[in-house]
Each structure stands twice: as structure tokens, then as C-alpha cells.
Amino acid sequence: MTVIRGHDVGEAARRLKAGQLVAFPTETVYGLGANALDEMAIQAVFEVKGRPSNHPVIVHVADARAVAAWARAVSTAAKKLMHAFWPGPLTLVLPKHPQVSPSITAGQDTVAIRCPAHPKAQQLLQAFAHITNKNAGVIAPSANRFGQVSPTTSDHVYAEFSKQKTHEIYLLEGASAQVGIESTILDLSQPKAMPRILRPGHIQPKEIAKVLGLKEDEVRFAFSEQRVAQAQDKTQFIPRVSASLKAHYAPSTPLKLFRRAQLNKMLDQAKGQRIAVVGCGPLNIENQVQHCEWLPAEPKTYATRLYETLRRLDEIGFDALWFEQPAQTNAWTAVNDRLLRAAAAF
Ligand code: TXA
Ligand code: MG
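The shown structure was predicted, so the numbers you read here are calculated from the model rather than taken from an experiment.

On to the nonpolar core, then. Core analysis: the biggest nonpolar cluster contains 48 residues, and Leu 92 and Ile 208 have the highest contact counts within it. Examining the composition of this core, we find that six residues originate from one element, helix α2 (residues 39-49), more than from any other. Of all hydrophobic cores here, the second largest spans 26 residues; its members include Val 29, Ile 181, Tyr 302 and Phe 318.

This is how it looks when you write it as C-alpha cells:
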């Protein structure tokens, strides 16, 4: 047994202090945590995930006051955003403090920091800070094997790691992740440059722009799809965010994206194949394919249920998953980003 399930926050905090791994719920997805000052524990997280060392991880803190221990400069813009969105699903990339291990930052001069809102994550970070030091940090990548779909329930985490035998993981149980997709990552590390979104999420450019007194189109995404597709040698392309690898968040069943009109034309081809169709809103083609379901045509509710849907359908074992592509509007950017990457693996 290498995953121990439990509800004991104190036990989880003591394990972190002792250099052990703790998976815990956050409002975005479950994280696989370790003490950010314990090099062996950090290495264990990379090992268990099968994560390459050139993918930096996020430091999680209990509150904004702890940031000064991890970032060497905290700009006014950063302070405003922490005040507006923390605790919550926004990760800030800032110049790193000398105490931050290069294995956390993949040797970069910046560090990603987040303060999660989920009550269990908050309790854990506070309990850990209480028994170590007030500025304690916990590194926590999503609690899945590298490249797989992130977990939104404790059962997902158990399914990911129960078969690995190298490390014991304490799985702190809690309510499932409400946001359902990973945090928005905002790069604030270049003091003279405009902030850049490295990974789209629940918190949108227009909300960030409002807090910073900027125009909505001044808060841009750092990588366009085109730029990622054009990168010639993906292994040489050291990503600032692993989300910049096109194929990520992928189920093992081939996934394809279609507009609704295309989907209707494809139904003939679906005959005789085990296809699961997932609509963005009701589809009314139940009798024409092996399996049909739909997610609400509202981006935040859709995001909450996306990863659970991908994992469940993946497990059933269809020949293919056909997803209706949501509208290409700003509100859908984060969901479209995850769907495009899941589809890009095939
Ligand atoms: O919602 C979340 O952020 C979840 C929960 C558990 O907090 N965590 C998460 O971690 O998604 P992970 O490791 O799966 O994704 C972290 C992302 C990676 O894409 C990584 O490249 C990026 O953060 N990242 C970490 N440090 C960075 C840095 N210094 N500069 C740019 N990107 C960084
Ligand atoms: Mg991840």
C-alpha cells in the first residue's frame, strides 16, 4: 500500500515536516505536496510524477505575508493582485528569493507562488506553518503522472498513484475541486513589462486588468498556439510553463474536437465504432452514437466537470472521444486550451 487515505490535517502536516509526500485538495485540482525547503522531498515528487526536471513547480503558501520568503521582489502590482484574488486560483511568477531551490524553478530566476482557497488546503498550509515556520511553503504540482489529466477528486489521485511502490503518499481527503482546471498563471517577473498570462484559468484577463487599472487587451497570453506548434524541437524548447507543451492533459483514448455542424456530418462514420460524444449543451443525437452526454454551455461549470468527464470516459474504453468544441470567445479560453492540448496528443 503506497497511498494512505485519511482526513487528519495534523498528520498530513507532520508528514510534510518529516519529508514525506502529501496529496491534498485545492479548489483547482488536487496537488502532490512536499516541504519546499526539503530537497529530497522535492526530488521524490518529481520521481513519483515522472516529471522531467526542466518543469518548474509552484510554491503554495498559507497567506500573502509568506511571499517575501520566496520572492526577492514583490511589486505593487503583485500586492494588488494578491489582495484581490488570494486565497484563490491565481499563481504569480515573481523574481525568486535566494532560498528557493533551483529544482523548484528548473534553474530559472523566477518562482511561481500560489495561495489556494480550498479549506483543506488552507488548514494544511496553516498547520504546516505552525509546526515549522510562519513563512513555510509547500511545492505542489497537480497530483497526476506527468502529461495526464489532472485529478479533481481523491479517487482520481488514488487511481494515479496506488500502483507506484517507491514512495508512501498520504492522501488528505476533502471536497472535490470546484474550479476543476489548474490556476491562472500570471508572469509579473519583468518589472518594466506588462503582465503576461502563461496559463489561462478561472481568473480571466479582464479581471486582472481591472485590478491593475489596465485595458483588457493589455493583459495578453505569453504563448500563442501557433508559436507552440512552430517550435521545431520540443525537447530543446524549455517551457516556462509545461502547458506550453502542446500535448498535455491527455486521456489515453483518442480525442477529437468538432464544431456542432461537423459533428452532425460525422455521425455516419460513427456507425459500428465505439464513440462517445460530448456536447457543449444538449445535442439530441442519443440514438445515433454508442454514448452521448453533454456538459453545460457555461464555461465555469463546464470547467468544473471537464476532467472528471475525461477520466470517466477514458476508463470505459471507447474507440474515440468526440468533443463539441465550445465557442472561441475569451470566456472559453481556459477550457479550449485544455481541450486543444488533450486533442493534440493524437
Ligand atoms: O492549480 C494549480 O496551479 C495546481 C494546484 C495543485 O495548485 N498546480 C499545478 O501545478 O497545476 P503543475 O505543476 O501541474 O503546473 C504548474 C505550472 C507548470 O506549467 C510550470 O511550468 C509552471 O507552473 N511554472 C512553475 N514555475 C514557473 C516559473 N518560475 N515560471 C513559469 N512557469 C512556472
Ligand atoms: Mg500538472
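Next comes the rest of the account.
With that settled, the discussion passes to the packing of helix α1 (residues 9-17) against helix α5 (residues 119-131). α5 packs onto α1 with a crossing angle of 55° between their chain directions and a minimal axis gap of 9 Å. When the axes of α1 and α5 are compared, the pair comes out oblique. At the point where α1 passes α5, the crossing takes the right-handed sense. Every residue of α5 that contacts α1 at Val 9, Ala 12, Ala 13, Arg 14, Leu 16 and Lys 17 is listed here: Lys 120, Gln 123, Leu 124, Ala 127, Phe 128 and Ile 131. When its residues are assigned to classes, the contact of α1 with α5 shows eight nonpolar, one polar and three charged.

For the bond running from Trp 86 to Pro 87, omega is -10°, close enough to zero to count as cis. Summarising the element assignment, Pro 87 is placed in the loop between α3 (76-85) and β5 (90-95). Positive phi, close to 60°, is recorded for Asn 284, a residue that is not glycine. The topology assignment puts Asn 284 in the loop between β13 (275-280) and β14 (291-295). Taking relative accessible area as the criterion, Asn 284 reaches 64% and is therefore assigned exposed.

The next subject is helix α7 (residues 205-212). Among the residues of α7, Pro 205, Ile 208, Ala 209 and Leu 212 are the ones counted as buried. All buried residues of α7 fall inside an arc of 100° around its axis, so they share one side. Exposed residues pointing more than 90 degrees away from the buried face of α7 are listed as Lys 206 and Lys 210. Its buried side turned inward, α7 meets α3, β5, β9 (184-187), β10 (196-199) and β11 (220-221). Looking at the residues trailing α7, positive phi occurs at Gly 213, about 70°.

Take the packing of α3 against α7 next. At a minimum axis distance of 9 Å, the contact between α3 and α7 shows a crossing angle of 120°. Between α3 and α7, the angle falls in the class oblique. Note that α3 runs across α7; the crossing there is right-handed. Side by side, α3 and α7 meet where Ala 77, Lys 80, Leu 81, Ala 84 and Phe 85 of the first sit next to Glu 207, Ile 208, Val 211 and Leu 212 of the second.

Alternating residues of β9 divide into Thr 184 and Leu 186 and Ile 185 and Asp 187, and every residue in both groups is buried. Across four bridges, β5 lies against β9 in parallel orientation. By the bridge assignment for β9, Val 93 is matched with Asp 187.

Turning to the sheet that holds β5, a few remarks are in order. In a beta sheet, neighbouring strands are held together by backbone hydrogen bonds and run either parallel or antiparallel to one another. Across the sheet, which stays open at both edges, the eleven strands sit in the order β1-β8-β2-β3-β7-β4-β6-β5-β9-β10-β11 with mixed pairing between neighbours. Whereas interior strands pair on both sides, the edge strands pair on one side only; in this sheet they are β1 (3-6) and β11. Judged from the two bridges that link them, strand β4 (residues 58-60) and strand β7 (residues 138-139) form a sheet pairing that is antiparallel. Each bridged residue has a counterpart across the sheet, and for Val 59 the counterpart in β7 is Ile 139. Docked against the sheet, α2 engages β2 (21-24), β3 (31-35), β7 and β8 (169-172), running at close to 155° with respect to β3.

The subject of this paragraph is the pattern of salt bridges. For the structure on display, the rule yields 16 salt bridges. In this structure, the salt-bridge partner of Arg 260 is Glu 324, at a minimum N-O distance of 2.9 Å. On the criterion of sequence distance, the pair formed by Arg 260 in helix α9 (residues 260-270) and Glu 324 in strand β15 (residues 320-324) is long-range, its members being 64 residues apart. Look at Arg 260 and you get partly exposed, because its relative accessible area is 31%. With relative accessibility at 7%, the residue Glu 324 sits in the buried group. Residues joined in a network through salt bridges with shared partners are Glu 11, Arg 14, Arg 15 and Glu 168.

Our next topic: the domain arrangement of the protein. Here the protein is described as being made up of domain 1 (3-232) and domain 2 (255-344). Placing a centre on the C-alpha atoms of domain 1 and another on those of domain 2 gives a separation of 28 Å. Listed per partner, the contact involves 23 residues of domain 1 and 15 residues of domain 2. Remark: the boundary between domain 1 and domain 2 carries two salt bridges.

Let us now look at the sheet that holds strand β12 (residues 255-258). Strand order in this open sheet of four strands is β12-β15-β13-β14, and the pairing throughout is parallel. Edge strands, defined here as strands with exactly one partner in the open sheet, are β12 and β14. Strand-to-strand twist of the sheet, defined as the mean angle between neighbouring strand axes without regard to direction, takes the value 20°. The sheet contact formed by β12 and β15 spans four bridges and is parallel. Paired with Leu 257 across the strands is Phe 323, a residue of β15. Seen against the sheet, helix α11 (residues 333-344) touches β12 and β15 and runs at an angle of roughly 130° to β12.

Rules behind the numbers
Residues numbered from 1 in each chain as written. Chains lettered and ligands numbered in written order. Predicted model: local features only at pLDDT ≥ 70, side-chain atom pairs only at ≥ 80, totals over all residues. Heavy atoms only, no water. Core = buried A, V, L, I, M, F, W, Y, C linked by side-chain atoms within 4.5 Å. Buried < 20%, exposed > 50% of the residue type's maximum accessible area, 1.4 Å probe, protein only. Helix = DSSP H or I, 4+ residues; strand = E, 2+ residues; numbered from the N terminus. Axes fitted to C-alpha atoms, helices over the stretch in contact; angles between N-to-C directions. Parallel < 35°, antiparallel > 145°, perpendicular 65-115°, else oblique. Left-handed = near helix turned anticlockwise from the far one by under 90°. Contact = heavy atoms within 4.5 Å. Nonpolar A, V, L, I, M, F, W, Y, C, P; charged D, E, K, R; others polar. Arc of directions from axis to C-beta. Pairing = 2+ DSSP bridges. Salt bridge = Lys/Arg side-chain N within 4 Å of Asp/Glu carboxyl O. Domains from an automatic or database assignment.

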